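Each chain, written out:
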Number of protein chains: 2
Amino acid sequence: MKKIVFNFKSKETKKFINQKNILGGKGANLAEMGKLGFPVPPGFTISTAACELFYKNKKKINSRLFNEIKKELKIIEKDTEKKFGCIKNPLLVSVRSGARVSMPGMMDTILNLGLNDQTVIALANKTKNIRFAKDSYRRFIQMYSDVVLGVESYNFEDLIENFKLTKGVLLDTDLDENDLEGLINDFKDLVKNKTKKDFPQNVFEQLNGAIGAVFLSWNSNRAKVYRKLNQIPSNWGTAVNIQSMVFGNMGDDCATGVVFTRDPSNGKNEIYGEYLINAQGEDVVAGTRTPQHITKKANKVSNSNGKSMQESFPKVFNELKKNLRILEKHYKDMQDVEFTVENKKLWMLQTRSGKRTAKSAVKIAVDMYKEKLISKKEAVLRVDPNSLDKLLHPTLDENTKFKVIATGLPASPGAASGKVVFTSEEAVRLNEMMQNTILVRIETSPEDIHGMHSAKGILTARGGMTSHAAVVARGMGRPCVSGSSEIEIDYKNKIFKSKNFEVKEGDVITIDGSTGRVILGEVKTVKPEISGDFSKIMKWSEEFKKLKIRANAETPSDSKTAREFGAEGIGLCRTEHMFFDEERILSVRQMILSKSKDDRHRALSKLLPHQKSDFTEIFKTMNGLPVTVRLLDPPLHEFLPKNKKEIDDVSKSLNLSVNEVEGRINELHEHNPMLGHRGCRLGISFPEIYEMQCRAIFEALVECKNKKYKSIIPEIMIPLVSTESEIKIMKELVIRVAKQVQIENKIKIKFLVGTMIELPRAAIKAKDIAKHAEFFSFGTNDLTQTTFGISRDDSGKFLNDYIENKIFDIDPFVSIDDGVGDLIEIAVSKGKKQNKKIKLGICGEHGGDPKSIDFCSKTGLNYVSCSPYRVPIARLAAAQAELKKN
Amino acid sequence: MKKIVFNFKSKETKKFINQKNILGGKGANLAEMGKLGFPVPPGFTISTAACELFYKNKKKINSRLFNEIKKELKIIEKDTEKKFGCIKNPLLVSVRSGARVSMPGMMDTILNLGLNDQTVIALANKTKNIRFAKDSYRRFIQMYSDVVLGVESYNFEDLIENFKLTKGVLLDTDLDENDLEGLINDFKDLVKNKTKKDFPQNVFEQLNGAIGAVFLSWNSNRAKVYRKLNQIPSNWGTAVNIQSMVFGNMGDDCATGVVFTRDPSNGKNEIYGEYLINAQGEDVVAGTRTPQHITKKANKVSNSNGKSMQESFPKVFNELKKNLRILEKHYKDMQDVEFTVENKKLWMLQTRSGKRTAKSAVKIAVDMYKEKLISKKEAVLRVDPNSLDKLLHPTLDENTKFKVIATGLPASPGAASGKVVFTSEEAVRLNEMMQNTILVRIETSPEDIHGMHSAKGILTARGGMTSHAAVVARGMGRPCVSGSSEIEIDYKNKIFKSKNFEVKEGDVITIDGSTGRVILGEVKTVKPEISGDFSKIMKWSEEFKKLKIRANAETPSDSKTAREFGAEGIGLCRTEHMFFDEERILSVRQMILSKSKDDRHRALSKLLPHQKSDFTEIFKTMNGLPVTVRLLDPPLHEFLPKNKKEIDDVSKSLNLSVNEVEGRINELHEHNPMLGHRGCRLGISFPEIYEMQCRAIFEALVECKNKKYKSIIPEIMIPLVSTESEIKIMKELVIRVAKQVQIENKIKIKFLVGTMIELPRAAIKAKDIAKHAEFFSFGTNDLTQTTFGISRDDSGKFLNDYIENKIFDIDPFVSIDDGVGDLIEIAVSKGKKQNKKIKLGICGEHGGDPKSIDFCSKTGLNYVSCSPYRVPIARLAAAQAELKKN
């Protein structure tokens, strides 16, 4: 049998020290600190394998495992010269979770385990501190009952409050040992009452219950949500650490605290932390007493009245400081350390890589390189690409004046302005008219996904940081303010009120998802910049990365942003977005609804100059970099008139009756538009549309050449190809138009023709398709939809069930799924077999996801393309992908 | 360079005799007849490769090819001692198409080529028959102008009619040589007038034009439609045969005819054919004169007045008869032979395998085996499985009395009765209510596909045998009467009139798609039977086939039919069809719309006894054979109430407001239902539904056991699986329910759990899925949809463009596509790697398609499942697939 219980100090454990997947982060680090010779309370780790066993064994600890645990306990007893459950010198232990990566606060912890009606007396005798002993017992009952027995904590808090009221005191510390004795009895009665059983006096029963509860907390709702947000697989499980207790609450020569080796908010190379005298760990977190700073300097900066640890415990402080330096050198990373001082003796309780803001992560990485603690490669690997997102959103220009009318939770970063809409339909409608909106809802539901996509920002009156609106908005990269309880929404009258303000549908507001502010009117925003340490990390990334990073952009302004963020080309320019402009949409509708080819040609010739000038601008902006232009893709009915006025307008312009137009609109209805008449199927049915688009591209190219701009080689991309014939026929069309334009302008034009690989058949038949394609661009959104047979727009109805049932660990629309990945690999290998020089890229939303970028790098793609604001993330991720290969 | 022109008699040609893909059917057979020593007019074949060259060369014959043709012409000149274009002894030739398989009447032919104003005189002198020469020239001008110059034939017919009216005669033969001379001049004027050019006098120009026209006719609309109907690839191309002319119209010692070696309508082993004295081939076809029988016996049977060939040309008849016997022995198949008698000399012009009815095909195959002409294997290979379709439809019971109110074209075989509906929506609605309908439309369009699927039969007022309604109905296997011009449809008032009858929406009619009759009321039908020679072929098929044949059936009556036709189990029992029954639909709706789990459970428990009794009946009927039951698959909204009354009913029964119910209905709306909340996604979200279904299956099993029926091992099939977890969770559910039922009934139950492979991801990840699946059933309908990203319901909008552009040679929803096939092969190989014993089948509509069955056999599946009426087709196809392997 595999070893599953590991003493911190055993030789065998040392072999596993680097295996956080077995010991968990906390267990591995405790063993490591032991190895470094630090004072660590004796203990052991039950490995993550036990967690799996626990779930397999109907959520029970099997007796074999429990026997092993008991054996290890004996070793602690020997080290501490105490005995578990002994009524003379009892051993007390803590039981803590410890997953592979830190999930702070998400799982359960139990302290002071081993106390019962008898050992509490022994503890009192031994420490000569009756109040401390009783208080420890009181805390243990409360914690254990909450975590293991399901008697929620507030019940106990109520009892304490009552007690204090009766006694007429304010603070817990005002309760004396007799009061605590009374409370303990009240607590036990409460437990008996709620659970129909006595509070367990058998210490092994206590231990068994606590370990089980920690395993169970791996699947608590908050842990699941945290994992989902942080893309942690649910099959990892947690380890459990059992450790003898040390006490920071035995008097004023005791303390407990948390300290970072560097400042986690700004990255400065200064110890940063807080401590409390005469307290246990949870008091620091609970906030009932105000903790003090660790260093004198911090005290000074914050004008604090209290005494720093440096002043109160100078000797211990120096030992701690020394240890911190050693730890940072050892781990080569900023550490987050928990410690306790028991009767002036320092105990190191935990160390782990410290969480930090994106900004400080960048600074720490760059500083540590300068300090020669880490190499340039390590520095680049040290910054989580996803975290950069926070640095890459527009922020409000705080120099302008604006009127904050409400605040809510800062649910998804970035600032956005737009017209207020109260329904998703309206958001979709206005988006199609190229108008910016803010979707305002009491709360959002899966039915709103469409609207959230279409809106520039989301504001909700209800829901927290993990509400539907918040989670989805973060996923989409849309700014969101959630749970703004100050606003009162009246759907019927299409207004919302806040303070004295009344905001109507169509009024413009601004939201700041980084701070939670809601503002009347439009506010100027400041574009994020890449400078200082950030730009250094970016520069270093360039040195390592091989993948090219392009951006998805279809306007000159997006193209400009992309270039500023370091994009090396445009990987996806969606031409249909250019159709929705108010000036053009009538012509688009005429084109679709006309009954004769002549009418269609007339409408197309009106669109040509618009598309041409769009392309000219984009080509100019990209100044020599490649631009992939995708020809018209969505089903035509997306462009159709939706209300009576629009229908009237088109009917008149085409000299058709309203009936005829409505008839044609009905004809265009589709049962499954995603699988309907779209993509190159339009190019086959209506070649004149693609001809117009190609002409616009080539004429723009000619204009750029004539005006002596740096020349561009456009990559013309045919969407939704599934057969060799489609790409063959479409390529012939492109070449035909190119020849015409060349002859007309007596100029030579260079271009590539390629296709999206976004259907399983295209991947499977990539060899045939590559005969005619000079490049493949993987359209992973559609490819994921068809490979799974799941419509993203409809998946909201069951996605939650799927995540709860662990069918999806990670949403396949966020990170490239394994099966979809297999198809991509097939296509790459078959495509290359046919055409060694074929250019390979990806342009789905996965192009901005670091995990997917890693996959693309491994699979041998040439570039990824993502939204302009994710380009720096992709650059860093591409560098890391390359570095991880070695 | 490859050889592309082949003289019938050259040594080199002999090597290619069996290569119809090069010589075409006609060319290969002419060469063969030459080899057998029959009198074949000298000539040569231009191979199909030339056809490809022609299309590559901008639809022109390149000079190199034409020079080769001229060279071959010289050899004919030598053989015949005539000279092409010579004004003394001119050689005349025929130019005929010859594709790899016969496409009778679909492509063009030109006779008498080589005639012009001068050679016609030479011909007259040489034959001493001025009238014959002039008539030949007249015919040639007419044919050539129609085929090559685009001056349609009716223009010339008009001129002839005018001429006869002026002269006051009735028959063409009443025109004398002077009349013909006049006509020739009129014809030439007409050509000049229409084409602005003189009729070509240069015989080589004539030849060049004629060959090109034959190549072009490969892509005529009728040829394309024929290929589509017969699944002939469009890239085969046609060969062209050039042959010196022989004349059956030089006098009464001349004749021309067509003869089959056996009777093609009933298969009897008797020469069957027709001939005309003093005529050319096209006269037999044109029907202007009534041909006579070949044999005395046939004359007698049909009470004909005319003289048989046996009587008129006894010597030639005997030679012909001998030749026919040799040919049949040589080809070991019934032959269709064209011949001409020129001045009492027999010329063999063509032989090919004769087209025959399904019935005669079966008889001929069985007879030839008895005659030891062919082996049993060959007999089985000799019957086209698809042709059996005609023998497998219910026919009207002609013994009952019925009222025919109209007739139309017999567009798709079979008889059906149902309520008249005038819209596809109504057909869909009533189908969901389990009511039979006949869809009556002026003509159908792609938007009607849904309705045509839902109706039992289709009747149209317009359109021929190849109209949309006819083609689609044949594809679906729905009876159809098209182009019934007697009926007058009034959509507005929802009635149609025919003769003196007025038929309203909802009235019941019957249509007979085999004869074209439309009948008032319901008519009893006779089920087809498998007996006599047919049952012999089926028995022999059993000896060879390895694939098991199952049927898709969900009612006891379908199951019974399936068994009678030899099904070896049910491969797909769709449980949702059982939900639409009027008695049950309210409970189904309650289940879907209920707000509480309790309400849902109540609704489900009402459904349980219904499903149970369905299964009991089916299991009884199948009597020990395996039954694959698919758990609920379609999106729930398919079951929802659609009109106000239905909504009211459900609201009341659930004690919910109409608003609430409508709200819930809206929530269930999906953008792409095909890719939505359906299949096992329902099982994950609402396990109680699948639990009820499993319970119904298992309780039915228990009941069968208790009643001592032969025991069945049901195969429970989980639909729309794409991940390992889905099948794992669903399998656990099935096992859980089985255990409960086992315990409750103290009985042991055997069953299998498996999945459909109908999503690309399932195919790609088959290895993981096979860990939990005991069988795979390929759902090729959905697999084709997702692999291509094409919704079958929406494909009507572009399918025609796709067939015209040759993107699809064969509709991938009819025969398994190559790319879809690759995915199936991947799944088979991965599935077997994980689980050697995994059972493999297919249950999409492809399961009844012989080409797809061949694929399934090659790929190593265990069974195919198809509609009950296609089971015999599948059995034969499976035997042929096996035989073709060797």
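Here, the structure is the one placed above.
Predicted model, so just to flag it, every value in this text is computed and none were measured.

1. Here's the deal with the interface of chain B and chain A
Then step 1. At the interface, 48 residues of chain B touch 48 residues of chain A.
Then step 2. Counting the surface lost from both chain B and chain A, the interface buries some 4,300 Å², and carbon and sulfur atoms represent 57% of this.
Then step 3. Along the contact surface separating chain B from chain A lie six salt bridges.
Then step 4. On inspection of chain B and its partner chain A, the count reaches 24 residue pairs in polar contact (both at pLDDT 80 or more).
Then step 5. Elements supplying a minimum of two residues to the side of chain B that touches chain A: α26 (680–685), α28 (724–745), α29 (760–764), α31 (780–788), α32 (796–804) and α33 (818–834) of chain B.
Then step 6. When the residues that make up the side of chain B that touches chain A are grouped by side-chain class, the tally is 18 nonpolar, 15 polar and 15 charged.

2. Comments concerning the relation of the copies chain B and chain A
Then step 1. For these two chains of identical sequence, chain B goes onto chain A by a turn of 180° and a shift of 0.0 Å along the axis, with RMSD 0.2 Å. Here the transformation between the copies is reduced to the relation of a two-fold axis. No C-alpha of chain B approaches the rotation axis more nearly than that of N672 of chain B, which lies at 2.2 Å.
Then step 2. Here 100% of the interface residues in chain B have copies in chain A that are interface residues too; the copies meet face to matching face.

3. Description of unusual backbone geometry
Residue and element names in this part refer to chain A.
Then step 1. Although it is not a glycine, K372 sits at a positive phi angle of roughly 60°.
Then step 2. For K372, the location among the structural elements is in the loop between α15 (358–370) and α16 (376–382).
Then step 3. With a relative accessible area of 76%, K372 lands in the exposed category.
Then step 4. Backbone geometry at N623 places phi at a positive 45°, although glycine is not the residue there.
Then step 5. With respect to the secondary-structure elements, N623 resides in the loop between α23 (597–622) and β28 (627–630).

4. A short note on the packing of helix α22 (residues 582–593) of chain B against helix α23 (residues 597–622) of chain B
All names here are of chain B.
Then step 1. Where α22 meets α23, the axes come as close as 8 Å, and the angle between the chain directions of the two elements is 145°. Considering how the two elements wind past one another, α22 and α23 form a crossing that is left-handed. Contact with α22, carried on its side by E583, R584, S587, V588, Q590 and M591, involves R600, A603, L604, K606, L607, H610 and D614 of α23 and no other residues of that element.
Then step 2. Its residues assigned to classes, the contact of α22 with α23 shows five nonpolar, three polar and five charged.

Conventions adopted
Residues numbered from 1 in each chain as written. Chains lettered and ligands numbered in written order. Predicted model: local features only at pLDDT ≥ 70, side-chain atom pairs only at ≥ 80, totals over all residues. Heavy atoms only, no water. Contact = heavy atoms within 4.5 Å. Buried area = accessible area lost by both parts, 1.4 Å probe. Salt bridge = Lys/Arg side-chain N within 4 Å of Asp/Glu carboxyl O. Polar contact = N/O pair within 3.5 Å; in protein donor to acceptor, adjacent residues only side chain to side chain. Helix = DSSP H or I, 4+ residues; strand = E, 2+ residues; numbered from the N terminus. Nonpolar A, V, L, I, M, F, W, Y, C, P; charged D, E, K, R; others polar. Least-squares fit on C-alpha atoms with pLDDT ≥ 70 in both. Buried < 20%, exposed > 50% of the residue type's maximum accessible area, 1.4 Å probe, protein only. Axes fitted to C-alpha atoms, helices over the stretch in contact; angles between N-to-C directions. Left-handed = near helix turned anticlockwise from the far one by under 90°.

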